[in-house]
Amino acid sequence: MKHLGILLSGRGSNFEAIAHNIATGRIPDARIAVVISNKPDAGGIATAQRLGLNTLIIPFKGTERADHDRAMVAALKQHQVDFVCLAGYMRLLSPWFVQQFPRRILNIHPSLLPAFPGLEAQEQAFAYGVKVSGCTVHFVDEELDHGAIIVQKTVPVLDSDDEHTLAARILEQEHVAYSEAIAMVLQSDYEVVGRRFGKKSPAVA
Ligand code: GAR
């Protein structure tokens with residue numbers, strides 16, 4: 001049984017989809033050990049409490065970066081977290097934080113990376129005029145929205161779209177993509193070679 005730690009800052013719909021997919025067995029052999037937010041009023045925290053999960057608030061404000069990171073990592077380790085899932089967590093993790101969970105931190109981003117990293121990716125894609133966008137689940141490394149890609153889903157941009165309707169259709173795909181990616185990563189027959197994530201090649205006898 002693998003323990004997941006969820007970090008979020010807001011609404012928490014990706015977290016809720018992950019919790020649902022654990023409950024229905026689409027993500028097998030996993031449980032959510034703790035949900036951590038920097039914001040006490042994050043919607044995701046209310047959902048986690050309703051689901052009876054452990055929750056923690058660790059605010060950014062008023063703490064040094066290094067102290068904040070130490071508190072986060074201590075809480076994750078205390079809850080014996082194997083994999084950390086960023087689900088709308090609006091802070092770049094420090095290199096030290098990333099090194100505490102090598103290839104064990106996942107993030108979801110609402111664009112087809114490497115296009116449109118950073119904030120408001122859906123608005124960036126819409127304004128650029130792309131005809132296809134989507135979402136990416138990737139490992140977190142020390143650069144923003146950069147680590148090896150686990151799953152991507154495409155979403156066509158329609159003539160009738162505005163940035164809100166596009167973001168809503170991308171979000172539907174995020175809810176599917178994140179659980180698929182977690183289920184893959186929890187199996188031991190996947191590996192990362194260079195930047196490429198995929199099935200391990202069968203052992204040569
Ligand atoms: C999601 O669209 C997620 O992809 C995005 O924040 C939203 C959180 O929604 N994350 C980023 O932009 C990270 N760079 P949620 O709280 O409903 O899951």
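Below, the structure is looked at part by part. Not measured: the values here are computed from a predicted model. (Residues numbered from 1 in each chain as written. Predicted model: local features only at pLDDT ≥ 70, side-chain atom pairs only at ≥ 80, totals over all residues. Heavy atoms only, no water.)

Section: the overall build of the protein
Within the protein, the secondary structure is distributed over 6 helices and 9 strands. Whereas a compact globule of 205 residues would reach a radius of gyration of roughly 17 Å, the protein reaches 17 Å, a difference of no more than 12%. If one aligns the C-alpha atoms of the protein with their principal axes, the spans along those axes are about 55 × 50 × 35 Å. Taken over 205 residues, the protein has a buried fraction of 47%. Long-range pairs, those at least 24 residues apart, make up 61% of the contacts in the protein with a sequence separation of at least 6. Taking the average place of the 20 positive charges on the side chains of the protein and the average place of its 22 negative ones, the gap between the two points comes to 6 Å. (Helix = DSSP H or I, 4+ residues; strand = E, 2+ residues; numbered from the N terminus. Rg over C-alpha atoms; globule rule 2.2 N^0.38 Å. Buried < 20%, exposed > 50% of the residue type's maximum accessible area, 1.4 Å probe, protein only. Contact = heavy atoms within 4.5 Å. Lys, Arg positive; Asp, Glu negative; His and termini not counted. Charge placed at Lys NZ, Arg CZ, Asp CG, Glu CD.)

Structural notes on the site of the ligand
The environment of the ligand is formed by Arg11, Gly12, Ser13, Asn14, Gly88, Met90, Ile108, His109, Pro110, Gln122 and Glu174. Contact distances for the ligand include 2.6 Å between an oxygen atom and a side-chain N or O atom of Ser13. Between a nitrogen atom of the ligand and a side-chain N or O atom of His109, the distance comes to 3.2 Å. When the free accessible area of the ligand is taken as 450 Å², the share hidden by the protein chains comes to 89%. Of all elements in the fold, only α1 (13-23) and β5 (105-109) reach the threshold of two or more residues within the shell around the ligand. In terms of residue class, the shell around the ligand is built from 3 nonpolar, 6 polar and 2 charged. (Near = heavy atom within 4 Å. Polar contact = N/O pair within 3.5 Å; in protein donor to acceptor, adjacent residues only side chain to side chain. Areas by Shrake-Rupley, 256 points an atom, 1.4 Å probe, with all protein chains shown as cover. Nonpolar A, V, L, I, M, F, W, Y, C, P; charged D, E, K, R; others polar.)

Comments concerning the pattern of salt bridges
Scanning the model with the defined rule gives 6 salt bridges in all. The partner of Glu16 in a salt bridge is Arg50, with the nearest N and O atoms 3.5 Å apart. With Glu16 in helix α1 and Arg50 in helix α2 (residues 43-50), this pair connects stretches of sequence that are 34 residues apart. We note a salt bridge from Asp69 to Arg65, for which the minimum N-O separation is 4.0 Å. (Salt bridge = Lys/Arg side-chain N within 4 Å of Asp/Glu carboxyl O.)

Some points on the packing of aromatic side chains
Evaluation of the coordinates by the stated rule reveals 4 aromatic pairs. Both rings, one in Phe60 and one in Tyr89, keep their centres 5.9 Å apart while their planes meet at 80 degrees; by these two values the pair is edge-to-face. Within this pair, whereas Phe60 is found in the loop between β3 (55-57) and α3 (65-78), its partner Tyr89 is found in the loop between β4 (83-86) and α4 (95-100), the two being separated by 29 residues in sequence. In this structure, Phe60 and Tyr89 share a single accessibility class: buried. Between the aromatic rings of Tyr190 and Phe197, the centroid separation amounts to 5.2 Å while the plane-to-plane angle is 5 degrees, which identifies the pairing as stacked. Through pairs of rings, three or more aromatic residues link up here, namely Phe139, Tyr190 and Phe197. The ring of Phe83 has Arg104 lying over it, and the distance from NZ or CZ to the ring centre is 4.8 Å. (Phe/Tyr/Trp six-rings, centres within 6.5 Å; stacked < 30°, edge-to-face > 60°. Lys NZ or Arg CZ within 6 Å of the ring centre and 35° of its normal.)

Considerations on the environment of Leu171
Within the secondary structure, Leu171 sits in helix α6 (residues 163-186). The residues contacting Leu171, other than those within four sequence positions of it, are Arg11, Ser13 and Asn14.

A closer look at the packing of α1 against α6
When two helices pack together, their arrangement is captured by the angle between the axes and the distance separating the axes. Running from amino to carboxyl end, α1 crosses α6 at an angle of 50 degrees, the nearest separation of the two axes being 9 Å. In terms of axis orientation, α1 runs oblique to α6. Between α1 and α6 lies a crossing of right-handed hand. Within the contact between the two elements, α1 uses Ser13, Asn14, Ala17, Ile18 and Asn21 and α6 uses Leu171, Glu174, His175, Tyr178, Ser179 and Ile182. (Axes fitted to C-alpha atoms, helices over the stretch in contact; angles between N-to-C directions. Parallel < 35°, antiparallel > 145°, perpendicular 65-115°, else oblique. Left-handed = near helix turned anticlockwise from the far one by under 90°.)

Examining α6
With 24 residues, α6 extends 34 Å from end C-alpha to end C-alpha; this agrees with the ideal 34 Å at 1.5 Å per step. Backbone nitrogen of His164 and a side-chain oxygen of the N-cap are separated by 2.8 Å at the start of α6; the cap is Asp162. (Expected span 1.5 Å × (residues − 1).)

Some remarks on α3
For α3, built from 14 residues, the straight-helix expectation of 20 Å at 1.5 Å per residue is met to within 8% by its first-to-last C-alpha distance of 20 Å. Of the positions making up α3, those classed as buried are His68, Asp69, Met72, Val73, Ala75 and Leu76. The buried residues of α3 occupy one face: seen down the axis, they fall within an arc of 160 degrees. At its buried positions, α3 is contacted by β1 (2-8), β2 (30-37), β3, β4 and α4. Where α3 terminates, the next one or two residues include Gln80, which has phi positive at roughly 55 degrees. (Arc of directions from axis to C-beta.)

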